[in-house]
Amino acid sequence: MALKALDIFKLLPKTNCKKCGCPTCLAFAMKLAQKQASLDQCPDVTAEAKAMLEGSAAPPIRLVTIGAGAKKLEIGNETVMFRHEESFYHPPGIGVIVPDNLSDGELKARIEAVGKLQFVRVGAHIQSDIVAVANVSGQAEPFVKTVAALQKLDLPMVLMSKEPAHIDKALESCKDKQPLICGATAESWEKYAAIAKEKKCPLALSGTDLDALAAATEKIKAAGVEDIILDLTASGISETLQALTAVRQLALKKNVRSLGYPCLAICGGGQSAGEQVAECCTYVAKYAGIVLTELHGPEHILPLLTLRQNLYTDPRKPIQVEAKLNAVGAVTAQSPLLITTNFSLTYYTVEGEVEASRVPAFIAAIDTDGTSVLTAFASDKLTAEKVAAFLKSDAVKGKVDHKKVIIPGYVAVMSGALEEESGGWQVLVGPREASAIPKYLKTVWKSE
Ligand code: SF4
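From a predicted model like this one, the values you see are computed outputs, not experimental measurements.

A. Up close: the overall build of the chain. Assigned secondary structure in the chain consists of 16 helices and 17 strands. With the C-alpha coordinates of the chain rotated into their principal frame, the extents come out at 80 × 70 × 35 Å. Relative to its full complement of 448 residues, the chain shows a buried share of 48%. Restricting the contact set of the chain to residue pairs at least 6 apart, pairs at least 24 apart contribute 64%. On the chain, roughly 21,000 Å² of surface is accessible, and the fraction owed to carbon and sulfur atoms is 53%. Positive and negative side-chain charges in the chain, numbering 49 and 50 respectively, have mean positions lying 4 Å apart.

B. Representation of the layout of surface pockets. Estimated volume of the second largest pocket: approximately 400 Å³. Forming the walls of the second largest pocket are 16 residues, and the residues nearest its centre are Met160, Ser161, Lys162, Gly183 and Ile266. Here the residues of the lining of the second largest pocket sort into 8 nonpolar, 6 polar and 2 charged.

C. Broad picture of the sheet that holds strand 3 (residues 93-99). The strand order around the closed barrel formed by 8 strands is 3-6-7-8-9-10-11-12, and the pairing between neighbours is parallel. Mean inter-strand twist for the sheet, computed between neighbouring axes without regard to direction, equals 30°. Sheet analysis places strand 11 (residues 263-266) next to strand 12 (residues 290-293), joined by 3 bridges and oriented parallel. Residue pairing for strand 12: Ala265 is matched across the bridge by Val291. Seen against the sheet, helix 4 (residues 104-115) touches strand 3 and strand 6 (130-134) and runs at an angle of roughly 175° to strand 3. The strands that helix 10 (residues 273-285) touches are strand 3, strand 11 and strand 12; relative to strand 12, the one it contacts most, it runs at about 170°.

D. Region of the structure containing the packing of helix 9 (residues 237-253) against helix 10. Relative orientation of the contacting elements helix 9 and helix 10 amounts to 10°, with a least axis distance of 10 Å. What the angle tells us is that helix 9 and helix 10 run roughly parallel. Contacts between helix 9 and helix 10 involve Ile237, Thr240, Leu241 and Leu244 from the first element and Glu279, Thr282 and Tyr283 from the second.

E. Local environment of empty space enclosed by the protein. Within the structure shown, the criterion is met by 3 cavities of 30 Å³ or more. Of the voids in this model, the largest cavity is the one considered here, and its volume is about 110 Å³. Lining of the largest cavity is provided by 14 residues; of these, Glu78, Arg248, Pro262, Tyr287 and Gly289 occupy positions nearest its centre. Grouping the amino acids of the lining of the largest cavity by side-chain chemistry returns 9 nonpolar, 3 polar and 2 charged. Considered as a void within the structure, the second largest cavity measures approximately 90 Å³ in volume.

F. Spotlight on the nonpolar core. Formed by 71 residues in total, the largest nonpolar core has its most connected members in Leu159, Ile181, Leu203, Leu205, Leu230 and Leu232. Ranked by size, the runner-up nonpolar core spans 23 residues in total, among them Leu325, Leu337, Ile339 and Phe362.

G. Expanded view of a nonpolar patch on the surface. There is a patch of nonpolar side chains on the surface, built from Leu6, Leu26 and Met30 and spanning about 270 Å² of accessible area. On the secondary structure map, Leu6 appears in helix 1 (residues 5-11).

H. Molecular detail of the site of the ligand. Near the ligand you find Pro13, Thr15, Asn16, Cys17, Lys18, Lys19, Cys20, Cys25, Phe28, Cys42 and Pro43, and these make up its full shell. Its atoms largely coinciding with the cavity grid, the ligand occupies the second largest cavity. Its residues assigned to classes, the shell around the ligand comprises 7 nonpolar, 2 polar and 2 charged.

I. Structural view of the pairing of strand 6. Counting buried residues along strand 6, 5 of its 5 residues qualify, which places the element largely inside the surrounding structure. Side chains of strand 6 alternate between two faces, with Ile130, Ala132 and Ala134 and Val131 and Val133 buried alike. Examined bridge by bridge, strand 3 and strand 6 share 5 bridges and lie parallel to one another. Residue pairing in the sheet places Val96 in a bridge with Val131 of strand 6. In this structure, strand 6 lies alongside strand 7 (residues 157-160), joined through 4 bridges in parallel fashion. Of the residues in strand 7, the one forming a bridge with Ala132 is Val158.

J. Examining the environment of Phe390 more closely. If you trace the backbone, Phe390 turns up in helix 14 (residues 384-392). Measuring from C-alpha to C-alpha, the distance between Phe390 and Ala323 comes to 9.9 Å, with 67 residues separating the pair along the chain.

K. Representation of helix 5 (residues 140-149) within the structure. Looking at helix 5, one finds that the buried residues are Ala140, Phe143, Thr146 and Val147. Summarising the axial view, the buried residues of helix 5 lie within an arc of 140°, below the 170-degree limit, and thus occupy one face. Elements in contact with the buried residues of helix 5: strand 3, helix 4, strand 6, strand 7 and helix 6 (164-170).

Rules used throughout
- Residues numbered from 1 in each chain as written.
- Predicted model: local features only at pLDDT ≥ 70, side-chain atom pairs only at ≥ 80, totals over all residues.
- Heavy atoms only, no water.
- Helix = DSSP H or I, 4+ residues; strand = E, 2+ residues; numbered from the N terminus.
- Buried < 20%, exposed > 50% of the residue type's maximum accessible area, 1.4 Å probe, protein only.
- Contact = heavy atoms within 4.5 Å.
- Areas by Shrake-Rupley, 256 points an atom, 1.4 Å probe, with all protein chains shown as cover.
- Lys, Arg positive; Asp, Glu negative; His and termini not counted.
- Charge placed at Lys NZ, Arg CZ, Asp CG, Glu CD.
- 1 Å grid on protein atoms, 1.4 Å probe; cavity = no way out; pocket = protein on both sides within 12 Å on 5 of 7 lines; lining within 4 Å.
- Points joined across faces, edges and corners; volume = space filled by probe spheres on them.
- Nonpolar A, V, L, I, M, F, W, Y, C, P; charged D, E, K, R; others polar.
- Pairing = 2+ DSSP bridges.
- Axes fitted to C-alpha atoms, helices over the stretch in contact; angles between N-to-C directions.
- Parallel < 35°, antiparallel > 145°, perpendicular 65-115°, else oblique.
- Core = buried A, V, L, I, M, F, W, Y, C linked by side-chain atoms within 4.5 Å.
- Patch = residues over 30% accessible without salt bridge, like charges linked within 9 Å, V, L, I, M, F, W, Y side chains within 5 Å.
- Salt bridge = Lys/Arg side-chain N within 4 Å of Asp/Glu carboxyl O.
- Near = heavy atom within 4 Å.
- Sits in = over half its atoms within 2 Å of the grid points.
- Arc of directions from axis to C-beta.

Right, here's the structure in full:
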């Protein structure tokens, strides 16, 4: 378990010599606990203390990489049970399972469908970032063929088979891409582990008996495979969720190193698509490192990606856009100029509505430290002075030949002060909700 600042402090020299750049050893300990400093910044730490501190710094849940290159997927290395305690760091891979019994036409269509599972949300690109092949045919040849065909997607892969020999053959088409090998159990891990070791691939170990899994991970590690993922898929959603939660708790709270690995969960078949989406969402939230499903429609995958994006945004750092003047559409000097904040969700909601209105417009994203309109106004981050300064800045100069600015309806109260501060700008109060922007631009703005 990661040491707390006071535990670290006890191991430091306590001379407050400042050589590390901190005023005291306690300040340095606090930085170390927050991972904002490195132990080698203190030249006087003893070898014994160094060994203890470095040992405690090893992550309680191993960071495992699947795939290679720019699209590799890194999972694990989480340090908290709940996001509000700190943050979640490595978003789970969300992937589609492609069975190996599809016809050529079906396989081509499935590959195309999986390739299209990419979206832009609040300015960020989000996508299904792993793909699995299931050896449902039980034969080697269709499995190998399907794995080879899916190389086209250039995504990290999961090779799922009850026959290690089939995985070995399929690896010929993707041996440098370090796919996740899936199919080993506490009883049958040896052949899988031998392949994983030889091909330098991560290995998934399936089962729901945590004692048996813990014993098997020790043996697999001793056999030379360190990158292990626990496939905790059980007979139902509640059993899988219990196992995922228990493993996270044991790794973080009890420091059980033999279960300190990221986990995988496969959403069950036989339910309605809506139920499967709900099941996948459950595993995204708690605590899977990879969530796999046979669903492949954008309407099924987008909710999972959206949930993942929300959960894995650091709650201490709201997603922000650059504070600047943005042009939406073919703007001219007569185009309207709207004010909003640089909180991504707010900005892109406004931008989407302006686009929908088909009225080219400028949108000024004011720097409010990534807070929304009302929060920024309440905390003095969106003030008449700040908006006026922006209107007078070079960012706006020469862009419009009118002096009319539209402010969000929720901050109508700043109109008077803004007119005074801005030196001649006419302040128009826009709608409170972004959804009313198209109507506003087409009616109220046009009549101004
Ligand atoms: Fe303390 Fe080491 Fe920093 Fe000196 S360099 S203040 S001994 S932590």
